Amino acid sequence: MSNGRLANFESYNNAIKQPAVNKQVGIKKLVIKGFKERPRLPDNYQDDTWNKLKDAVDAIHRQRSVSSSLEELYQGVDSLCTHNMSSQLYDKLRSQCETYILSCTDRFLYHSTDTEQFLKVINSTWQSHCNQMILIRSIFLVLDRNYVLQNSHIASIWDMGLDLFRLHILTPSSIQKRLLDGILLLIARERKQEAIDRGLIKNLLRMLTDLQIYGKVFERHFLNATDELYKLEGHKLSSELEVPQYLAHVNQRIIEEHERLHHYLDMSTKKELILIVECNLIERHVKAILAKGLGSLMADNRHPDLTLMYSLFEKVKDGKMELAMAFGKYVKAAGTELVNNPSADLEKDRNLVQSLLDFKDKIDYIVMDDFRNDELFVNKRKDAFEEFINKRQSKPAELIAKYVDTKLKTGNKELTEDELERTLDKIMVLFRFIQGKDVFEAFYKKDLAKRLLLGKSASVDAEKSMLSKLKQECGAGFTNKLEGMFKDIDISKDIMVSFKQYMESRESPGGMDMTVSVLMLSYWPSYPTMAIHLLPEMEQYQDMFKRFYLSKHSGRKLHWQPSLGHCLLKAYFPKGLKEIHVSLYQTLVLMLFNTGAEQSYESIRQATNIEDLELKRTLQSLACGKARVLHKVPKGKEINTTDSFVFADDFKHKLYRIKINQIQMRETVS
């Protein structure tokens, strides 16, 4: 069997020695044989090659030209590696590099020049070392790729160079300390606004990073020095500087540290570095800063400073919460000062609502723009307004109702329709804060009644807009009666159209014209009833309207309310004819002077049957006001039962139509 195999093998060899063309296929066969023996290197090749490589490495270290070509050196390394001499070659290369690096340490150990020059020498040596290792690695590239990659415990040529530099240059404590002190000194100078060589520090810190000793040698010491610096600086400047200046200084410090991170510090330092700055300059002094300056910043509308304070405080633990609490306290204190009126200053109360609106606008701007509409501050604002605006129980509710009345009355020409609408929206914001909404409703209802009955509403659209806002805020139950008042006025207009038609075929008593508003008692405010003595013509006119109305609405009852009546009189004065717009009570008093130029208080009271308090106020408006159509005897501002009154035949006024306001009874709550 073995002979058969041998015969086959021999015939195969013969076929190789005598190649023949396969007539069927026509393909030549080629067999390649390996060397019978491995090629041997010439004697002393290893030593000769190493000597060339050694000379090349030495020339690179000493920055001289290499005598051998790079191709020859590369091939030499390849040959040594091919013949299993990689380990010896690697050890010799490491030893050669280590010898040179050791020779460099003396220049640092005994360097006596200044700090910056010392750092420059370190940097120069490092840059040269890196360039040298790049050239050396290019020569020993085969060794690096084959031997090193196949042995995980062996450092690459580049890493070996880093290890040697770290071990012999930066491990000695004297060199390491001087390097650290020098870098920290330059950074300290820069923090004092001195110009330094940032590129030098950048290179040195990158060196430490590449050598993987950035954290151990530099970072911890740098952060400790930074902590100490800003701890002292924060304590000193927070008490010395005003709050705006201190905030600007802190912001500038943070910007500077970010610039250092950008220019030369490793980004791994960022988090702890910025935390140290914020802790020492902001977090430790939050309460002191707020106590010292928040109030003045808000009072003076220092918006850029408030914006900066917010942006700084939100960076630190509990900073935003402390700011929000201080903000809430300020709003409460400032608002309480606006609302409280211990001296019962009428002017202050008169301006209270406008002051509150202005204050609300101011706080809204701060919350929206300076504090970025942060929900925390929005809630603090709401809580503060709800607390201080109700310090005087129901007074703000009354004054808000009165303020709305002034804005919705005729004669209010200071606002356009759009401005009035915006003002009403702002009023509704204050309205939400007040607790005495029933008080507001009572005063608003009385004022609305006067505006509707006396025709003093500046705009029906504005009135209905306000009603709609109240309905949306409080519900239909709150505005049901108010809506009923509008409905009564509209119905009364229709009734008066019919009544005018009814009167066309009848003679008007005394040549007068009368307009009647028919009101549902349940919708309108309650008014005191008074059985006064009307003019006969007035009573006749009332009877005519009563017959007309009851003929249309049988079963209903009419109750006349004279306190809401008003009249337009023609008055003949020696100096000219005037039209006087007065209340019904004023009308009854003035008409008495058609029968006599002088009337006593008692005669007026008996003739009109107006109760004393109302009569005194009526006479005071006619004889002691701005438009005095009567003279009081004796002169004085107060009305007494012993006074007499004389028609003012010397009365003059630049206007033809004059309105004499009735002196109002004070309707208020404390």
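What you see is a predicted model; the values in this text were computed from it and never measured.

Things to note about the sheet that holds strand β5 (residues 644–647)
Paired through their backbone hydrogen bonds, the strands of a sheet run either parallel or antiparallel.
So, point 1. Across the sheet, three strands lie side by side as β3-β5-β4; this open sheet has antiparallel pairing. The open sheet has two edge strands, β3 (598–600) and β4 (630–633), and neither has a second partner. Taken pair by pair, the neighbouring strands of this sheet meet at an average axis angle of 25°, ignoring direction.
So, point 2. Sheet analysis places β4 next to β5, joined by four bridges and oriented antiparallel.

Comments concerning helix α27 (residues 601–608)
So, point 1. Residues of α27 that are buried: Y601, I604 and T608. Down the axis, α27 shows its buried residues gathered within 65° of arc, on one side only.
So, point 2. For α27, the secondary structure elements touched by its buried residues are α26 (584–591), β3, α28 (612–623) and β5.
So, point 3. Phi for N609, located one or two positions after α27, is positive at around 60°.

Some points on the confidence of the model for the chain
So, point 1. Per-residue pLDDT for the chain has a mean of 89; in total, 93% of the residues score no lower than 70.
So, point 2. Taken together, the stretch residues 1–23 has pLDDT below 50 and engages in three contacts with residues farther than four places along the chain or on a different chain.

Some words on the side chain of T269
So, point 1. Inspection of the secondary structure puts T269 in the loop between α12 (243–263) and α13 (270–281).
So, point 2. Given a relative accessible area of 0%, T269 falls into the buried group.
So, point 3. Apart from residues no more than four positions distant in its own chain, T269 is found in contact with Y214, E219, F222, L223 and L261.

Looking at the packing of helix α20 (residues 395–408) against helix α21 (residues 417–433)
So, point 1. In the contact formed by α20 and α21, the axes pass within 11 Å of each other and the chain directions differ by 175°. Between α20 and α21, the angle is such that the two are roughly antiparallel. Facing I400, Y403, V404, K407 and L408 of α20, the residues of α21 in contact are L420, T423, L424, I427 and L430.
So, point 2. Looking at the contact of α20 with α21 residue by residue, the class counts come to eight nonpolar, one polar and one charged.

Examining the sheet that holds strand β2 (residues 576–583)
So, point 1. Strand order in the open sheet formed by three strands is β1-β2-β6, with mixed pairing between adjacent strands. A single partner strand is all that each edge strand has here, and the edge strands are β1 (566–573) and β6 (657–659). Neighbour-to-neighbour, the strand axes of this sheet turn through a mean angle of 25°, independent of strand direction.
So, point 2. Note: β1 against β2, eight bridges, orientation antiparallel. When the bridges of β2 are listed, K570 appears paired with E579.

Remarks on the packing of aromatic side chains
The way to describe two aromatic rings as a pair is by their centre distance and the angle between their planes.
So, point 1. Applying the stated criterion to the full structure yields 26 aromatic pairs.
So, point 2. Both rings, one in F359 and one in F388, keep their centres 6.1 Å apart while their planes meet at 70°; by these two values the pair is edge-to-face. Taken together, the positions of F359 in helix α18 (residues 352–370) and F388 in helix α19 (residues 375–388) put the pair 29 residues apart, joining distant regions of the chain. Each member of the pair, F359 as well as F388, carries the same accessibility label: buried.
So, point 3. Residues Y502 and F548 carry aromatic rings whose centres are separated by 5.1 Å and whose planes lie at 45° to one another, so their mutual orientation is tilted.

What to know about empty space enclosed by the protein
So, point 1. Throughout the structure, instances matching the rule amount to one cavity of 30 Å³ or more.
So, point 2. The computed volume of the largest cavity comes to approximately 30 Å³.
So, point 3. Looking at the largest cavity, the residues that line it are Q46, W50, L80, Q88, L89 and K92.
So, point 4. Among the residues making up the lining of the largest cavity, the classes are represented as three nonpolar, two polar and one charged.

Looking at the pattern of salt bridges
So, point 1. A complete count under the given rule lists 40 salt bridges for this structure.
So, point 2. E233 is the salt-bridge partner of R253, the closest N and O atoms lying 2.8 Å from each other. Of this pair, R253 sits in helix α12 while E233 sits in helix α11 (residues 214–240); the two residues are 20 residues apart in sequence, bridging distant segments of the chain. The pair formed by R253 and E233 is uniform in burial state, with each residue classed as buried.
So, point 3. Between K395 and E398 there is a salt bridge whose closest N-O contact spans 3.3 Å. Here K395 and its partner E398 are both found in helix α20, three residues apart, which amounts to about one turn of the helix.
So, point 4. Within the structure, one salt-bridge network assembled from shared partners comprises E190, R191, R198, E257, E259 and R260.

As for unusual backbone geometry
So, point 1. P634 follows V633 through a cis peptide bond whose omega is 0°.
So, point 2. Turning to its location among the elements, P634 is positioned in the loop between β4 and β5.
So, point 3. One non-glycine residue, D318, lies in positive phi territory at about 60°.
So, point 4. Summarising the element assignment, D318 is placed in the loop between α15 (303–313) and α16 (319–339).

Quick look at a negative patch on the surface
So, point 1. A cluster of acidic residues, E417, D418, E419 and D461, forms a negative patch at the surface.
So, point 2. Looking at which element gives the most residues to the negative patch, the answer is α21, with three residues.
So, point 3. For D461, the location among the structural elements is in helix α23 (residues 460–474).
So, point 4. Owing to a relative accessible area of 62%, D461 belongs among the exposed residues under this scheme.

A short note on the side chain of T423
So, point 1. Summarising the element assignment, T423 is placed in helix α21.
So, point 2. Setting aside anything within four residues of it in sequence, one finds T423 in contact with Y403 and L415.

Considerations on helix α8 (residues 157–170)
So, point 1. With 14 residues, α8 extends 19 Å between its outermost C-alpha atoms, agreeing within 8% with the 20 Å of an ideal straight helix rising 1.5 Å per residue.
So, point 2. Listing the buried residues of α8 in full gives I157, M160, G161, L162, L164, F165, H168, I169 and L170.
So, point 3. Buried residues in α8 make contact with α4 (86–104), α5 (106–109), α6 (115–139), α7 (141–150), α9 (173–191) and α10 (198–210).

Thoughts on the pairing of β5
So, point 1. Where β3 meets β5, three bridges bridge the pair, whose relative direction is antiparallel. Bridge pairing in β5 places E598 opposite V646.

Notes on the nonpolar core
So, point 1. Of all hydrophobic cores here, the largest spans 79 residues; its most connected members are M309, F313, F440, Y444 and M466.
So, point 2. If we ignore the near neighbours within four places in the chain, the residues touching M466 are V404, L408, L424, I427, M428, F440 and Y444.
So, point 3. Listed in part, the 66 residues of the second largest apolar core include V77, C130, L162 and M207.

Considering the environment of D383
So, point 1. Note that D383 resides in helix α19.
So, point 2. Distance in space between the C-alpha atoms of D383 and I32 is 97 Å, their sequence separation being 351 residues.

Quick word on the packing of α21 against α23
So, point 1. Following both chains from N to C, one finds α21 and α23 inclined at 30°, their axes separated by 11 Å at the closest point. Taken as axis vectors, α21 and α23 run roughly parallel relative to one another. The way α21 lies across α23 gives a crossing that is right-handed. For the pair α21 and α23, the contacting residues are L420, E421, L424, D425, I427, M428, F431 and R432 in the first and A462, S465, M466, K469, L470, E473 and C474 in the second.
So, point 2. Looking at side-chain class alone, the contact of α21 with α23 contains nine nonpolar, one polar and five charged residues.

Reading guide: rules and limits
- Along each chain, numbering runs from 1 in the same order as the chain's sequence is written.
- Local features in a predicted model are, by the rule used here, given only for residues with pLDDT of at least 70; side-chain atom pairs are given and counted only at 80 or more, and totals for whole chains, interfaces and linings are based on all residues.
- With hydrogens and water set aside, each side-chain value is computed from the structure's full complement of heavy atoms.
- One bridge is not enough; two strands pair if DSSP finds at least two bridges between them.
- Numbering goes from the N terminus for both helices and strands, where a helix is a DSSP run of H or I of at least four residues and a strand is a run of E of at least two.
- Think of each axis as a best-fit line through the C-alpha atoms, taken over the contacting stretch in the case of a helix, with angles from 0 to 180 degrees between the N-to-C directions.
- For each residue, the accessible area found with a 1.4 Å probe, counting protein chains only, is set against the maximum for its type, and the residue is called buried under 20%, exposed over 50%, and partly exposed in between.
- This arc is built from the directions going out from the helix axis to the C-beta atoms.
- Should any heavy atoms of two residues lie within 4.5 Å, those residues are counted as being in contact.
- On a range of 0 to 100, pLDDT expresses the predictor's confidence in each residue.
- Any angle that is under 35 degrees is reported as roughly parallel, and any over 145 degrees as roughly antiparallel; angles of 65 to 115 degrees are reported as roughly perpendicular and all others as oblique.
- Classification used: nonpolar for Ala, Val, Leu, Ile, Met, Phe, Trp, Tyr, Cys and Pro, charged for Asp, Glu, Lys and Arg, polar for all others including Gly.
- Only centres within 6.5 Å qualify two rings of Phe, Tyr or Trp (six-membered ring in Trp) as a pair; their planes then separate them into stacked at under 30 degrees, edge-to-face at over 60, and tilted for everything else.
- Only protein atoms enter the calculation, which uses a 1 Å grid: trapped sets of points that fit a 1.4 Å probe without letting it out are cavities, open sets showing protein on both sides within 12 Å along at least five of seven lines are pockets, and any residue with an atom within 4 Å of a point is a lining residue.
- Grid points are joined across faces, edges and corners, and a volume is the space filled by probe spheres set on the points.
- A pairing counts as a salt bridge when a side-chain nitrogen of Lys or Arg comes within 4 Å of a carboxyl oxygen of Asp or Glu.
- Each patch is built from residues that are more than 30% exposed by relative accessible area and take part in no salt bridge. Like charges join if they lie within 9 Å; nonpolar side chains (Val, Leu, Ile, Met, Phe, Trp, Tyr) join within 5 Å.
- Residue-level accessible areas treat just the shown protein chains as cover; the underlying method is Shrake-Rupley with a 1.4 Å probe.
- In this tally, Asp and Glu contribute negative charge and Lys and Arg positive charge; neither His nor the terminal groups of the chain are included.
- To locate a charge, the coordinates of NZ of Lys, CZ of Arg, CG of Asp or CD of Glu are taken.
- To estimate how far a helix should extend, the number of its residues minus one is multiplied by 1.5 Å.
- We call a set of buried Ala, Val, Leu, Ile, Met, Phe, Trp, Tyr and Cys residues a nonpolar core when their side-chain atoms join them within 4.5 Å.
- Less than a right angle of anticlockwise turn of the near helix away from the far helix marks a crossing as left-handed, whereas a clockwise turn marks it as right-handed.

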